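Letter by letter, the chains look like this.
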Amino acid sequence: MELEPELLLQEARESVEAAQSYRRELSQRLQGLREARRQIKESASQTRDVLKQHFNDLKGTLAKLLDERLVTLLQEVDTIEQETIKPLDDCQKLIEHGVNTAEDLVQEGELAIRGGVGEQNEKLWSFTKKASHIQLDSLPEVPLLVDVPCLSAQLDDSILNIVKDHIFKHGTVASRPPVQIEELIEKPGGIIVRWCKVDDDFTAQDYRLQFRKCSSNHFEDVYVGSETEFIVLHIDPHVDYQFRVCARGDGRQEWSPWSVPQIGHSTLVPHEWTAGFEGYSLSSRRNIALRNDAESSGVLYSSAPTYFCGQTLTFRVETVGQPDRRDSIGVCSEKQNGYDSLQRDQAVCISTNGAVFVNGKEMTNQLPAVTSGSTVTFDIEAVTLGSTNNNEGGNFKLRVTISSNNREVVFDWLLDQSCGSLYFGCSFFYPGWKVLVF
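These figures come from a predicted structure and were not determined experimentally. Residue positions are counted from 1 within each chain, in the order its sequence is given. Residue-level local features of this predicted model are given only where pLDDT is at least 70; pairs of side-chain atoms are given and counted only at 80 or more, and the full residue set underlies all totals for whole chains, interfaces and linings. Side-chain figures throughout are based on the complete set of non-hydrogen atoms in the structure, without hydrogens or water.

Trainee: Mind showing me how you'd approach the UniProt feature "domain: Fibronectin type-III" (unreviewed entry) in the chain here?
Mentor: UniProt positions are given in the numbering used here, feature names are shortened, and annotations may be inferred rather than shown by experiment. Mapped onto this numbering, the UniProt entry annotates "domain: Fibronectin type-III" (unreviewed entry) at residues 177–270. Taken end to end, residues 177–270 has its terminal C-alpha atoms 33 Å apart, with 0% of it in helix and 53% in strand. Secondary structure follows DSSP: runs of H or I at least 4 residues long count as helices, runs of E at least 2 residues long count as strands, and numbering of each begins at the N terminus.

The structure is reproduced here in structure tokens:
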């Protein structure tokens, strides 16, 4: 049965679209193959260069060390030779002097004897007197050969086997690094980097994370430690960054090969405190606030409502001052001047003593006191839109989770009106408190 022309045309169009889609998919896979081939080729070339350079450096270093050791040993030979030859030289000079004296005495005595007793009486008398003053029976001590040094070189040929074993085991070529970056999660002003082991036979002791802007040629260290997750701060929005990680095996000194670099960026506006608020000093990026010695009090708010439901808002306490029950760290639906704390209506917060406040009322549940290094996180999700039809008041319900020091409290927060974003803030009555927000 023949199809209608319109249906036939439609089927043809669908076949063309399917073929185009299939071609695009195949093109993408070809591109993936090209990138895989490029990675193999480039990494192989780089590995060859690294191996050649390393072994050339090693040969140069070994030759230098051997030359230095040879010079040291030759100096030891020279020192021993000089110190032990000197007494022999002194003894030789003494003997040679004695030989000369004896030869002179023999010549003089023979002349005196040849003259006879009558004629050379005076010469004989003079010779015998001279001979009596020379100790002809005193001979210097000459050391035996067993008592003087006989230098030799003690060379342990086993070092060749030891060096050979180390050289044969030195260096490895890995087809894949033992760790890879698993996930990049954007944060306001930062990116959370997570990595994992991909080699089950590799036992990691430490990890090392580096990053750079894609426009830069230089990687820099941002983390070294045993954790498998780290948030890289001071990230500019809408800028691509490269991340890579390596590991150090248990009991080893050298680092493993780097993971395949991953590119990430953040589209989220960085959280910033309001600048120019008396009582607080801010960092250059305005994400760190320090309570200074100014006597003024009040709440330091964010410069804009940059926190949105569904995100995680994190405060990290860098340093602490004297705590006060009126201190507060939290979020609010709007800025309200005239209050000295977030312990008020339309706000949720935690005090430095761990007390949790919702719309100005203290909750029964309490978190641990905030200390230096403490991290306080807020996770807020929308639960109900519109009227709640109850006697609690408010028409917008949020589910709030506050976590601190491995403990958390979960509660509902009722607002008078719906809001798509929230402000954050803090208040401290004594100087010394420093808080980072991200």
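On we go from here.
Trainee: Mind showing me how you'd approach the environment of Gly-310 here?
Mentor: Among the secondary structure elements, Gly-310 is positioned in the loop between strand 11 (307–308) and strand 12 (312–319). The spatial distance from the C-alpha of Gly-310 to the C-alpha of Ala-382 is 7.9 Å, given a sequence separation of 72 residues.

Trainee: Got a minute to help me understand the sheet that holds strand 5 (residues 229–233) in this structure?
Mentor: Pairing between sheet strands relies on hydrogen bonds along the backbone, with the strands arranged either parallel or antiparallel. What the three strands build is an open sheet, ordered 1-2-5; its pairing is antiparallel. Here the strands that pair on one side only, and so sit at the sheet edges, are strand 1 (179–187) and strand 5. Strand-to-strand twist across the sheet, computed as the mean angle between neighbouring axes with direction ignored, equals 25°. Note on pairing: two strands pair once DSSP finds at least 2 bridges between them. Bridge count for strand 1 against strand 2 (residues 190–197) is eight bridges, and the pairing is antiparallel. Paired with Gln-180 across the bridge in strand 2 is Cys-196. Only the contacting stretch of a helix is used when fitting its axis, a line to C-alpha atoms as for every element, and angles between N-to-C directions run 0 to 180 degrees.

Trainee: Help me understand the packing of aromatic side chains, please; the structure alone is not making it clear to me.
Mentor: The relation between two aromatic rings is expressed through the spacing of the ring centres and the mutual angle of the planes. Stacked, tilted and edge-to-face are the three classes applied to pairs of Phe, Tyr and Trp rings, where Trp contributes its six-membered ring and a pair requires centres within 6.5 Å; stacked means planes under 30 degrees apart, edge-to-face means over 60, and tilted covers the rest. Within this structure, the stated rule accounts for eleven aromatic pairs. Residues Phe-315 and Phe-378 carry aromatic rings whose centres are separated by 5.9 Å and whose planes lie at 85° to one another, so their mutual orientation is edge-to-face. A residue pair is termed long-range when its members are at least 10 positions apart, and Phe-315 in strand 12 and Phe-378 in strand 17 (residues 375–385) qualify at 63 residues. Each member of the pair, Phe-315 as well as Phe-378, carries the same accessibility label: buried. Members of the aromatic cluster, connected to one another through ring pairs, are Trp-195, Tyr-207, Tyr-223 and Phe-230. For the cation-ring pair, Arg-326 lies above Phe-429, with the distance from its terminal atom to the ring centre recorded as 3.8 Å. For the cation-ring pair, Arg-344 lies above Tyr-339, with the distance from its terminal atom to the ring centre recorded as 5.5 Å. Only protein chains enter the calculation, and the probe is 1.4 Å; a residue is then buried if its accessible area is under 20% of its type maximum, exposed if over 50%, and partly exposed in between. Placement of a positive charge over a ring is assigned whenever Lys NZ or Arg CZ falls within 6 Å of the ring centre and within 35 degrees of the normal to the ring plane.

Trainee: Just checking my understanding: could you explain the pairing of strand 18 (residues 396–404) for this structure?
Mentor: A regular strand carries its side chains on alternate faces of the sheet. Within strand 18, eight of the nine residues are buried, leaving the element largely enclosed by the surrounding structure. For strand 18 and strand 19 (residues 407–415), the ladder comprises nine bridges, and the chain directions are antiparallel. Along strand 19, the bridge assignment pairs Leu-398 with Trp-413. The turn linking strand 18 back onto strand 19 is made up of two residues, and Asn-405 within it adopts a positive phi angle of 50°.

Trainee: What is the right way to look at the layout of surface pockets in this model?
Mentor: Rolled over the atoms, a probe with the dimensions of a water molecule shows which regions are left empty. A pocket here means an open set of points on a 1 Å grid, computed over the protein atoms alone, that has protein on both sides within 12 Å along at least five of seven lines. A cavity is instead a set of points where a 1.4 Å probe fits but cannot get out; residues with an atom within 4 Å of a point line either one. Grid points are joined across faces, edges and corners, and a volume is the space filled by probe spheres set on the points. In this structure, the largest pocket occupies an estimated 1,800 Å³ of space. Lining the largest pocket we find 43 residues, and of these Thr-47, Ala-174, Ser-256, Pro-257 and Trp-258 sit closest to its centre. Mapped by element, the contributors of at least two residues to the lining of the largest pocket are helix 1 (5–114), strand 3 (204–213) and strand 6 (241–249). As a working rule, the residues Ala, Val, Leu, Ile, Met, Phe, Trp, Tyr, Cys and Pro are called nonpolar, Asp, Glu, Lys and Arg charged, and the rest polar, with Gly in that last group. For the lining of the largest pocket, the per-class residue count stands at 18 nonpolar, twelve polar and 13 charged. As used throughout, domain bounds are those supplied by an automatic or database domain assignment. When residues are assigned to domains, the lining of the largest pocket turns out to be shared by domain 1 (19–139) and domain 2 (179–264), each giving three or more. Approximately 460 Å³ is the volume found for the second largest pocket. Going through the elements one at a time, helix 1 and helix 3 (158–169) are the ones with two or more residues in the lining of the second largest pocket. If you tally residues by element for the lining of the second largest pocket, the top one is helix 1, at six residues. Here the lining of the second largest pocket is built from residues that sort into nine nonpolar, one polar and three charged.

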